[in-house]
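Coordinate analysis (summary)
So you can see what is in the structure, the chains are spelled out below.
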Amino acid sequence: MENREAGMVTVEVALGIVSVLIILLLALGALSAGAQYISLRSASHDIAVLAARGESEEALRTRELPPRAKLYLQRAEDHVNVVVRAQATGPLRALGITMEASTSVDLEPGVLGT
């Protein structure tokens, strides 16, 4: 009877270790996603403010973006919308998640929209 119980303990320990690893992987993914979102949000805000001040679209597209990020810029009559989008990094990349941050800013007085 003791050998049978020893085998059960081994299985329980193995399941416990796997559970802890999964939780750590999820926590690492959440931290990675949070850091990436902050980076995307910062880039979208900076570019939106420059666009609202009248920077040309060509100049805005040369701005440094987070790795593998794409810039989407839309000017309207009285405001500008900026979206910065990138594939998730870290553990969430395997899930194919796309991260996105957007900013909308009113144009500065004297700056013409489209």
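Scroll up for the structure.
All figures in this text were calculated on a predicted structure; none of them were measured in a lab.

What follows deals with the sheet that holds strand β1 (residues 70-75). Within a sheet, each strand pairs with its neighbour through backbone hydrogen bonds, oriented either parallel or antiparallel. The three strands are arranged β1-β2-β3 in an open sheet whose pairing can be described as antiparallel. The open sheet has two edge strands with one neighbour each: β1 and β3 (98-106). Neighbour-to-neighbour, the strand axes of the sheet open up by a mean angle of 15°, direction not taken into account. Pairing between β1 and strand β2 (residues 79-87): six bridges, direction antiparallel. Across the sheet, the residue bridging to R75 is V80, located in β2.

Scanning the entire structure with this criterion turns up zero aromatic pairs. Across from the ring centre of Y72, 4.7 Å away, lies the NZ or CZ of R85, which sits over that ring.

What follows covers the pattern of salt bridges. Taken as a whole and judged by the stated rule, the model has two salt bridges. Here E57 ties to R61 by a salt bridge, and the two come within 3.0 Å at their closest N and O atoms. With E57 and R61 both in helix α2 (residues 57-61), this residue pair falls four residues apart, about one helical turn.

One can find T103 in strand β3. Residue classification places T103 among the buried residues on the basis of a relative accessible area of 8%. A polar side-chain atom of T103 sits 2.8 Å from a polar atom in the side chain of S44. Setting aside its immediate chain neighbours within four residues, T103 contacts R41, S44, H45, A48, V80, N81 and V82.

Cut-offs used in this document
Residues numbered from 1 in each chain as written. Predicted model: local features only at pLDDT ≥ 70, side-chain atom pairs only at ≥ 80, totals over all residues. Heavy atoms only, no water. Pairing = 2+ DSSP bridges. Helix = DSSP H or I, 4+ residues; strand = E, 2+ residues; numbered from the N terminus. Axes fitted to C-alpha atoms, helices over the stretch in contact; angles between N-to-C directions. Phe/Tyr/Trp six-rings, centres within 6.5 Å; stacked < 30°, edge-to-face > 60°. Lys NZ or Arg CZ within 6 Å of the ring centre and 35° of its normal. Salt bridge = Lys/Arg side-chain N within 4 Å of Asp/Glu carboxyl O. Buried < 20%, exposed > 50% of the residue type's maximum accessible area, 1.4 Å probe, protein only. Polar contact = N/O pair within 3.5 Å; in protein donor to acceptor, adjacent residues only side chain to side chain. Contact = heavy atoms within 4.5 Å.

By themselves, these are just geometric observations and shouldn't be taken as functional.
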